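Topology and contacts: notes
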Amino acid sequence: MFEGFQTSVVHLDDSEVFVRHGGSGPAVVLLHGHPRTSSTWHWVAPGLVERGFTVVCPDLRGYGRSRGPAPTPDHAAHSKRAMAADILGAVRRLGIERFHLAGHDRGSYVAFRLAMDDPGVVDRLALLDCIPISEHLRRITPGFATRWFHWFFFAQPETPERVINADPDSWYAGGPEELGDENYAEFRAATRDPDVVRAMLEDYRAGLTVDRRDEEEDRDAGRRLRPPLLVAWSAGEDLDDLGGDPVEVWKTWADDVRGGAVIDSSHHMAEEAPEQLVDVLAAFFGAEG
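Throughout what follows, the structure given in this document is the object of discussion. (Residues numbered from 1 in each chain as written. Predicted model: local features only at pLDDT ≥ 70, side-chain atom pairs only at ≥ 80, totals over all residues. Heavy atoms only, no water.)

Concerning the overall build of the protein
When its secondary structure is counted, the protein shows 15 helices and eight strands. Relative to the compact-globule value of 19 Å for 289 residues, the protein shows a C-alpha radius of gyration of 17 Å, a close match. Principal-axis analysis of the C-alpha atoms gives the protein an extent of 50 × 40 × 40 Å. By the burial criterion, 57% of the 289 residues in the protein qualify as buried. Taking as baseline every contact in the protein between residues at least 6 positions apart, the subset at least 24 positions apart corresponds to 73%. By element, 48% of the accessible surface of the protein is carried by carbon and sulfur atoms, the whole surface being about 11400 Å². Here the protein contributes 30 positive and 49 negative side-chain charges, whose respective centroids are spaced 5 Å apart. (Helix = DSSP H or I, 4+ residues; strand = E, 2+ residues; numbered from the N terminus. Rg over C-alpha atoms; globule rule 2.2 N^0.38 Å. Buried < 20%, exposed > 50% of the residue type's maximum accessible area, 1.4 Å probe, protein only. Contact = heavy atoms within 4.5 Å. Areas by Shrake-Rupley, 256 points an atom, 1.4 Å probe, with all protein chains shown as cover. Lys, Arg positive; Asp, Glu negative; His and termini not counted. Charge placed at Lys NZ, Arg CZ, Asp CG, Glu CD.)

This is the structure:
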């Protein structure tokens, strides 16, 4: 995987961020979702390098080979604000001051928070398979609670750790055929690590508490996303069924919303439709080739 890329571990005040990086040209930072690591981009990242970009793929705080502080009772140690600060700190240590940013699934919430808190560093923003957490919760229905039950199960204390760690290979589906051998091995190593599982659950616990409050404070204060925004989602997912038209939702948060790019895949678009995703991102970020 990631032929020609380098790997680094960036040591910050209270965290260590594992980063893959390679290429040349304008910088693109790719943030993975749950329960993946940065290796989920192993087909997309080289494609963007071929289009003339420098590509940076970090592991989120607590996921994969990145490490953060112990969980806190208020879950703030695993908030999207804390995770975004990790990403910004790591990217700056690589000598990059401005960049395009794309996030998928949980990584999209980190990307959203980074662009909201530090808009001057993000040239263009792509959010994949998401609307804001607070918007989901405002629209909650029995269908959402049933089909996305994991949001609320993961928020429970201690029980999800016991359930998942008893048989992580059954809980987290996926095989080498669809993930690729090396990506699959990295994914399995991460999900079999109880410390990683705990951090991933803390991500969700923060989502329903501190992250939701941060979003509501943004809305109450009238803060909006400043970078141009591309919204894209998977054709095989239920995001638009449960949350409404994602483009219309994001128009209430941003002035310049592009999109409605529908990727021909189910949830893990970077693994299922990498060529289409490269085309969509490269076009939005302004590929040279």
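Resuming the write-up.
Describing the side chain of Lys80
Looking at the secondary structure, you find Lys80 in helix H2 (residues 80-93). Within the local environment of Lys80, its side chain forms a polar contact with the side chain of Asp211, the two groups lying 2.4 Å apart. Apart from the residues lying within four places of it in its own chain, the contact partners of Lys80 are Arg106, Tyr109, Val110, Arg113, Asp203, Ala206, Gly207 and Asp211. (Polar contact = N/O pair within 3.5 Å; in protein donor to acceptor, adjacent residues only side chain to side chain.)

Describing H2
Its 14 residues give H2 an end-to-end C-alpha distance of 20 Å, which sits within 8% of 20 Å, the value for a rise of 1.5 Å per residue. Turning to H2, its buried residues are Lys80, Ala82, Met83, Ala84, Asp86, Ile87, Leu88, Gly89, Ala90 and Val91. Among the residues trailing H2, Gly95 stands out with phi positive, at a value near 90°. (Expected span 1.5 Å × (residues − 1).)

Focus: the sheet that holds strand E6 (residues 122-128)
In spatial order, the strands read E1-E2-E4-E3-E5-E6-E7-E8; together these eight strands make up an open sheet with mixed pairing. In this open sheet, the two strands that pair with only one neighbour each are strand E1 (6-11) and strand E8 (257-263). Here the strands of the sheet are splayed against their neighbours by 20° on average, with no regard to which way each runs. Bridge count between strand E7 (residues 229-234) and E8: six bridges; the pairing is parallel. Residue pairing for E8: Ala232 is matched across the bridge by Ala261. (Pairing = 2+ DSSP bridges. Axes fitted to C-alpha atoms, helices over the stretch in contact; angles between N-to-C directions.)

Overview of a negative patch on the surface
On the surface, a cluster of negative charge is contributed by Glu177, Glu178, Asp181, Glu182 and Glu272. Listing elements by their share of the negative patch, those giving two or more residues are helix H9 (176-179) and helix H10 (181-191). For Glu272, the position within the fold is in helix H14 (residues 269-272). With a relative accessible area of 39%, Glu272 lands in the partly exposed category. (Patch = residues over 30% accessible without salt bridge, like charges linked within 9 Å, V, L, I, M, F, W, Y side chains within 5 Å. Salt bridge = Lys/Arg side-chain N within 4 Å of Asp/Glu carboxyl O.)

Digging into the pattern of salt bridges
Counted by the stated rule, this structure contains 30 salt bridges. Two residues, Asp117 and Arg81, come together in a salt bridge whose shortest N-O distance is 2.7 Å. Of the two residues, Asp117 sits in helix H3 (residues 106-117) while Arg81 sits in helix H2, which places them 36 residues apart along the sequence. On the basis of relative accessible area, Asp117 is assigned to the partly exposed category, the value being 30%. With a relative accessible area of 36%, Arg81 lands in the partly exposed category. Ionic pairing is found between Glu216 and Arg212, a salt bridge with its closest N-O pair at 3.2 Å. Of this pair, Glu216 and Arg212 both sit in helix H11 (residues 194-221), four residues apart, which is roughly one turn of that helix. Glu216 sits in the partly exposed class, given a relative accessible area of 33%. Salt bridges sharing common partners tie together Arg81, Arg113, Asp117, Asp214, Asp218 and Arg223.

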